[in-house]
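# Reading the structure
Below are the chains, spelled out letter by letter.
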Amino acid sequence: QLQPQVQQTISSAARDLEATGLTTWTVGTLPREVQSGTVRGYPALVDETETVGVRVLGTAAEQAAAHWLGTRRLLLLTLPSPVKAITGRLTNSAKLALTRNPHGSVPATLQDCVTAALDALLAAAGGPVWDEAGFAALRDAVRADLVPAVEDVLRQVEKVLTAWYSVRARLDAETRPALATSTADMRGQLDALVHPGFVTATGRTRLADVLRFLQALEVRLDKLPGDPARDRLSTAQVAQVQREVDDAVARVPPSPERDQLRWMVQELRIGLFAQPMRTRYPVSEKRIHKAIDALLP
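Overview of the structure.

Each value, and the rule that gives it
Residues numbered from 1 in each chain as written. Predicted model: local features only at pLDDT ≥ 70, side-chain atom pairs only at ≥ 80, totals over all residues. Heavy atoms only, no water. Helix = DSSP H or I, 4+ residues; strand = E, 2+ residues; numbered from the N terminus. Expected span 1.5 Å × (residues − 1). Buried < 20%, exposed > 50% of the residue type's maximum accessible area, 1.4 Å probe, protein only. Contact = heavy atoms within 4.5 Å. Pairing = 2+ DSSP bridges. Axes fitted to C-alpha atoms, helices over the stretch in contact; angles between N-to-C directions. Salt bridge = Lys/Arg side-chain N within 4 Å of Asp/Glu carboxyl O. Arc of directions from axis to C-beta. Phe/Tyr/Trp six-rings, centres within 6.5 Å; stacked < 30°, edge-to-face > 60°. Lys NZ or Arg CZ within 6 Å of the ring centre and 35° of its normal.

### Brief notes about helix H11 (residues 256-273)
- For H11, which comprises 18 residues, the first-to-last C-alpha distance of 26 Å matches the rise-based estimate of 26 Å (1.5 Å per residue) to within 8%.
- Every buried residue of H11 is accounted for by Arg-258, Leu-261, Trp-263, Met-264, Val-265, Gln-266, Glu-267, Leu-268, Arg-269, Ile-270 and Phe-273.
- Buried residues in H11 make contact with helix H7 (180-193), helix H8 (198-202), helix H9 (207-223), helix H10 (228-250) and helix H12 (285-295).

Next up, the structure:
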């Protein structure tokens, strides 16, 4: 309830620091923290879609999240787009895979790949910077590796979209009432894995896992008619775990540990539905509950 008043106090104290409509780094050095009386504020570069701005936020967690997105946007604004060069080198199979996408268009899919590649390069370079010289060095480092990084992401996305299209077609063709509960669960899983913006949301290093989870869906579809009752029991089991994870995620700020819960549920699905496929690491309901307990205050 007090957050708007706190934000107004912070913004008033940092009026000379806040900015909007920027397309290059013209803000000198951003302090990590400002203070007005007893109220502390955390300056960050923020993404305004077509431009960037500077805002003073209420927590360090908000600052970290916003500054990453703002830095990524400024890189997009100040680097030449790699899309044209890459598009001319796409194979026919890649072109076909990219047309079968959840984004609504091939350009949107390509841009998702560029953003995911930028995130990976930003992380490899040590993360966002806080002054003009640091941003210039970051931009030069990213520029050198951007095209090969996007090409690598595209190769992985081609495989993911091919597998996604295959699973979706099989689910659309499956109309037996006895399998409806299971196929509805699989559609939900499919939408959670591959959706508009999924490449950036997943991240470059996790795309191979998404492919593996889609392959596990194929295995589950193969096995489903043989024992639909067992599949329904496992569906109820994973649904309960998912509800507990969703509740925990809603109660804590973003963190790698919070994100890991999502992937643990996906690994659990392999163990329940897609044996003899192996999980990436040992996983069980008990292990997920332990991870939830460690996450919650």
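### Describing the sheet that holds strand E2 (residues 34-36)
- As summarised here, the arrangement of the four strands in space is E1-E4-E3-E2, forming an open sheet in which the pairing is antiparallel. On the outer flanks of this sheet lie strand E1 (19-22) and E2, each paired with one strand and no other. Neighbour to neighbour, the strand axes of the sheet diverge by 30° on average, direction disregarded.
- Where E1 meets strand E4 (residues 52-57), two bridges bridge the pair, whose relative direction is antiparallel. Residue pairing across strands places Ala-19 opposite Val-54, the latter belonging to E4.
- Against the sheet, helix H2 (residues 60-78) engages E1, strand E3 (39-47) and E4, with an angle of about 25° to E3.

### With respect to the pattern of salt bridges
- A complete count under the given rule lists 17 salt bridges for this structure.
- Here Arg-72 ties to Asp-119 by a salt bridge, and the two come within 2.9 Å at their closest N and O atoms. Residue Arg-72 is found in helix H2, and its partner Asp-119 is found in helix H5 (residues 106-124); the two are separated by 47 residues along the sequence.
- For Arg-72, a relative accessible area of 14% corresponds to the buried category.
- Residue Asp-119 is classed as buried on the basis of its relative accessible area, which comes to 15%.
- Salt bridges here are not isolated pairs; linked through shared partners, they connect Arg-206, Asp-209, Arg-212, Glu-267 and Arg-280.

### Details of helix H4 (residues 92-99)
- For H4, the set of buried residues is Ala-94, Ala-97 and Leu-98. Projected down its long axis, H4 shows its buried positions confined to an angular sector of 95°, all on one face.

### What to know about the packing of aromatic side chains
- According to the stated counting rule, one finds two aromatic pairs in the structure shown.
- Consider the rings of Phe-213 and Trp-263, whose centres lie 6.0 Å apart with planes at 20°: the pair is stacked. One end of the pair, Phe-213, is in helix H9; the other, Trp-263, is in helix H11, and 50 residues separate them in sequence.
- Given a relative accessible area of 1%, Phe-213 falls into the buried group.
- The ring centre of Tyr-165 lies 4.0 Å from the NZ or CZ of Arg-100, which sits over that ring.
- A cation sits over an aromatic face here: Arg-262 above Trp-263, 4.3 Å from the ring centre.

On their own, these measurements won't tell you what the molecule is for.
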